[in-house]
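# Inside the fold
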Amino acid sequence: MQKITIAIDGYSSTGKSTVAKQLAKHLGYVYVDTGAMYRAVTYYAMTHNLIDDTHFDVVGLVSKLNEVVVSFKFNPIAGFAEVYLNGQNIEKEVRTLEVSSQVSKVAAIPEVRYQLVKQQQQMGKDKGVVMDGRDIGTVVFPYAKLKIFMTASPEKRATRRFDELIGRGDDVTYEDVLRNVQERDYIDSHREDSPLRKADDSVLIDNTGLTQEEQFKLILLLVERAFEDLE
Ligand code: DC
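In this report, the structure presented in the accompanying data block is examined. This one's a predicted model, so the numbers in the text were calculated from it and none came from an experiment. What you see as residue numbers is a count from 1 along each chain, following the sequence as written. Local features in a predicted model are, by the rule used here, given only for residues with pLDDT of at least 70; side-chain atom pairs are given and counted only at 80 or more, and totals for whole chains, interfaces and linings are based on all residues. For the side-chain quantities, the full set of heavy atoms in the structure was used; hydrogens and water were omitted.

### Observations regarding the site of the ligand
Heads up, the condition is: Residue proximity to a molecule or strand is established when one non-hydrogen atom of the residue lies within 4 Å of it. Side-chain atoms alone can form a polar contact between residues adjacent in sequence; in general such a contact is a pair of N or O atoms within 3.5 Å, and within protein one must be able to donate a hydrogen while the other accepts it. Using the Shrake-Rupley algorithm and a 1.4 Å probe, accessible areas are obtained, with residue cover drawn only from the displayed protein chains. Here a strand is any run of E in DSSP of at least two residues, a helix any run of H or I of at least four, and the numbering for each starts at the N terminus.
Within the structure, the ligand sits among 15 residues, and Arg 39, Arg 113, Asp 135, Asp 188 and Arg 191 are positioned closest to it. In the model, a nitrogen atom of the ligand is placed 3.0 Å from a nitrogen or oxygen of the Thr 34 side chain. Arg 191 places a side-chain nitrogen or oxygen 2.8 Å from an oxygen atom of the ligand. In the complex, the protein chains occlude 96% of the 440 Å² of accessible area that the ligand would expose alone. For the shell around the ligand, the secondary structure elements donating two or more residues are helix H2 (34–47), helix H4 (97–107) and helix H8 (174–190).

Structure, rendered in structure tokens:
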């Protein structure tokens, strides 16, 4: 059976990665979480004192990019590929609110994007991939067979993120999480290089009022249609 490329973009905490993982498993495709790659570079910058709330040594980070090797390794227990930085598993470390509050600044740097986009295109070159992010349908795979753009109200997204962080035992407040969601929306969609925007040919899904099951059913229909279109 012919394989296709599926691009899932959208705002933060819209459940992109949950649905992308589920879909990749269903189709036997590779899932690539590109947000984790930007988070990994951010984690590198944070642990090398290149960024915090008050300073960002962009030149320092760009000069060290050749030392930053981001990779994925499938974890059969988790059921998905976890992110590694220079051989170290940092899957848990990249999901903190601290990383979330710096990542949009790092993701706005063209040199960072150039390096990661090249790697993402390489990962998806044989198709059979579900990739989620912000610029997959617009920049990474503009010819993807199926493009989905996900959104939901900021409050709904903050609630989901808050529940996830609390579930992991993180000490956060709902207000901080909501502020982070809104700040990232703003920076991600206003940056000059590859801003978050819906590709003209992507299908918009607002999942504010949808259950995960309803959303997955809808996406399977879109996948079916994409395959029919190949015939
Ligand atoms: O999907 P996420 O929340 O893990 O993404 C983290 C950040 O990375 C997000 O605020 C924007 C950035 N990002 C991006 O600029 N381009 C992508 N393809 C994926 C993520």
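### Here we look at the side chain of Thr 34
Rule in force here: We call a residue buried when its accessible area falls under 20% of the maximum for its residue type, exposed when it is over 50%, and partly exposed in between, using a 1.4 Å probe and counting protein chains only. By definition in these notes, contact holds between two residues if any of their heavy atoms fall within 4.5 Å.
Within the secondary structure, Thr 34 is located in helix H2. Since its relative accessible area comes to 2%, Thr 34 is described here as buried. Once you skip the residues sitting within four places of it in the chain, Thr 34 turns out to touch Gln 120, Met 131, Asp 132, Gly 133 and Ile 136.

### Focus: H8
The condition that has to hold: Helix span, as expected, comes to 1.5 Å for every residue beyond the first.
Its 17 residues place the ends of H8 24 Å apart at the C-alpha level, agreeing with the 24 Å of an ideal helix rising 1.5 Å per residue. Looking at the packing, one finds that the buried side of H8 touches H2, H4 and helix H7 (154–167).

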